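Commentary on secondary and tertiary structure
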Amino acid sequence: DYTASDNNNSSIISIHMAKHTRHPLFVADTPQYRALHWLANVDGLRLRHYDPGLVQRYVLAVLYFSTGGPPVNEHTDLTRKHGGPWRNPTMFLAPTHECEWKSRIIDGAGRGGGIRRCDRNRTVVEISLYNELRGSIPSELGRLWNLRTLYLGRNRIGGTIPTELGMMRKLSSLSLQWNDLSGTIPQRYLGEMRTLRALQLEGNEKIRGNVDRHDLLCQMRNKYRGPTPRDAERYTGRRVLRVFTATCVPPSSGSVGVLSDRLECACCTECFGKTKKDLIY
C-alpha cells in the first residue's frame, strides 16, 4: 500500500489510462508498479504531486526496473558494483536529482553511463546506458519530450522498439545497436522525429521487415531524391537523417510487402552482417 495520496500519482496514472483498462500501475511486479512504489515509499527526495519533475523521475524509474534494475530501498548502497543487469553503479534511484544519476567512472570496465546531460531547467536531454541491461524498452520513455540523445547500445535488451519513442520530437540520435530487439521498425512513428540525424540498429538480428527506398525512413535521409510516389506516405520534415545502420541486406527482387527473415533496407548507410555477441559485450 502506498503512503502517498492519490493526487500525488494522478499525472503518472494519466500516462497509462488511455491504453489500459487495468493499467500496469495496479499490477504488482510490473516495472510501472515498482517505480511508483519507489517514488511513494522509498525515494528520499519525496516529490509532491505538483512538482514539475515528477513524471521525468517516474519515467526514469520505469526505465530502471524495465531493464532489470535490482530492488532499491533506503539501505541500498548505490555506489557498490554487483553482478547482473546494472552491474556498474550509476546512482540511478539515488535521493538526488536525476541529473546526478551517472557513473563517476569515465573509462574502463567500471563505466555504466547514466544521465549524461540536462538543460538549464534540469530536464534530461541525454541518456547513455551501457550496463548489461536486460528486459525491454518501456513505452514511457516517449514522455521525455526534450530528450536529444538516447543511447542504449551494447546491452541485452529484448522486445520491440516502442512506437511511443516517436513522441520524442527533439531526438537527434537513437542508438539501440547490439541488443536482442525483434519485430519491425516502427517507421511511421519514428517519422515524427523531425530532427533525427542518427539511427543505429545493427546487431539486432531479429528485426525483420522491408525498408523500401520511398518509405518514411528513406525519405528522412539527407540524400533522398524524390519525387515521392503518389501511393507512398509523405515525409514533411527536414531531411537530416545522416546515419542509418542495421543488420540487413539490400532489398530482394521478391514480392513487395513480403517480409523476409532478414531486414531488407534500401537506404541504410551501412548494412552489418551477423556477429557473435560475445565479441561485442
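**So, the pattern of salt bridges**
Under the defined criterion, the tally for this structure stands at ten salt bridges. Across the salt bridge formed by Glu-132 and Arg-134, the nearest N and O atoms sit 3.8 Å from each other. On the basis of relative accessibility, which here comes to 16%, the residue Glu-132 falls in the buried class. Here Arg-169 ties to Glu-192 by a salt bridge, and the two come within 3.7 Å at their closest N and O atoms. Residue Arg-169 is located in the loop between β3 (149–151) and β4 (173–175), and its partner Glu-192 is located in the loop between α4 (187–190) and β6 (198–200); the two are separated by 23 residues in the primary sequence. The partly exposed category is assigned to Arg-169, whose relative accessible area is 46%. According to the relative accessible area criterion, Glu-192 is partly exposed, its value standing at 27%. The network of salt bridges with shared partners includes Arg-87, Glu-132, Arg-134 and Arg-156.

**Quick word on helix α3 (residues 54–66)**
End to end, α3 covers 18 Å across 13 residues, agreeing with the expected 18 Å (1.5 Å per residue, within 8%). Of all 13 residues that make up α3, twelve are buried, and the element is covered over most of its length. Where α3 ends, the next residue or the one after it, Gly-68, has phi of about 90°, a positive value.

**Focus on the side chain of Glu-164**
Position of Glu-164 relative to the elements: it lies in the loop between β3 and β4. A polar contact is formed between the side chain of Glu-164 and the side chain of Thr-163, at a distance of 3.4 Å.

**Thoughts on the packing of aromatic side chains**
Under the definition given, this model contains seven aromatic pairs. Pairing Tyr-64 with Phe-65 gives two aromatic rings, centres 5.0 Å apart and planes at 80°, and the pair type is edge-to-face. When its relative accessible area of 5% is taken as the criterion, Tyr-64 is described as buried. Grouped by ring-pair contacts, the aromatic residues Trp-38, Tyr-64, Phe-65, Trp-86, Phe-92 and Trp-101 constitute a single cluster.

**Some details on the side chain of Ser-128**
Inspection of the secondary structure puts Ser-128 in strand β2 (residues 124–129). A relative accessible area of 17% means that Ser-128 is categorised as buried. Here Ser-128 is in contact with Gly-112, Gly-113, Gly-114, Arg-116 and Tyr-151, once residues within four sequence places are set aside.

**A look at unusual backbone geometry**
Note that the residue after Gly-226, namely Pro-227, is joined by a cis bond; omega there is 0°. By the element assignment, Pro-227 lies in the loop between α5 (216–220) and β9 (243–249). Look at Trp-178: it is not a glycine, yet its phi comes out positive at around 55°. Following the sequence through the fold, Trp-178 ends up in the loop between β4 and β5 (182–184). Residue Trp-178 is classed as buried on the basis of its relative accessible area, which comes to 5%.

**Quick look at the nonpolar core**
Within the largest apolar cluster, 63 residues are counted, with the highest numbers of intra-cluster contacts made by Leu-174 and Phe-244. Of all the elements in the fold, those that place two or more residues in this core are α2 (31–42), α3, β2, α5, β9 and β10 (263–265).

**Thoughts on the confidence of the model for the chain**
Mean pLDDT for the chain: 88, with 85% of residues reaching 70 or above. Segment residues 1–8 is flagged for pLDDT under 50; beyond a separation of four residues in sequence, or across chains, it makes 15 contacts in the model.

**Description of the packing of α2 against α3**
Two elements in contact, α2 and α3, have axes separated by 8 Å at closest approach and are oriented at 130°. On the basis of the axis angle, α2 is oblique to α3. Crossing of α2 against α3: the hand is right-handed. Residues Pro-31, Gln-32, Arg-34, Ala-35, Leu-36, Trp-38 and Leu-39 of α2 form the contact with α3, whose participating residues are Leu-54, Arg-57, Tyr-58, Ala-61, Val-62, Phe-65 and Ser-66.

**Structural notes on the state of the cysteines**
The tally for this structure, following the rule as stated, stands at four disulfides. For Cys-265, the disulfide goes to Cys-268, at an S-S distance of 2.2 Å. One quick way to see it: the torsion about the S-S bond of Cys-265 and Cys-268 is about 100°, and its sign makes the bridge right-handed. For Cys-265, a relative accessible area of 5% puts it in the buried group. Disulfides within the chain link the bonded cysteines, taken in sequence order, as 1-2, 3-6, 4-8, 5-7.

Reading the values: the criteria
- Residues numbered from 1 in each chain as written.
- Predicted model: local features only at pLDDT ≥ 70, side-chain atom pairs only at ≥ 80, totals over all residues.
- Heavy atoms only, no water.
- Salt bridge = Lys/Arg side-chain N within 4 Å of Asp/Glu carboxyl O.
- Buried < 20%, exposed > 50% of the residue type's maximum accessible area, 1.4 Å probe, protein only.
- Helix = DSSP H or I, 4+ residues; strand = E, 2+ residues; numbered from the N terminus.
- Expected span 1.5 Å × (residues − 1).
- Polar contact = N/O pair within 3.5 Å; in protein donor to acceptor, adjacent residues only side chain to side chain.
- Phe/Tyr/Trp six-rings, centres within 6.5 Å; stacked < 30°, edge-to-face > 60°.
- Contact = heavy atoms within 4.5 Å.
- Core = buried A, V, L, I, M, F, W, Y, C linked by side-chain atoms within 4.5 Å.
- pLDDT = per-residue confidence, 0-100.
- Axes fitted to C-alpha atoms, helices over the stretch in contact; angles between N-to-C directions.
- Parallel < 35°, antiparallel > 145°, perpendicular 65-115°, else oblique.
- Left-handed = near helix turned anticlockwise from the far one by under 90°.
- Disulfide = S-S within 2.5 Å.

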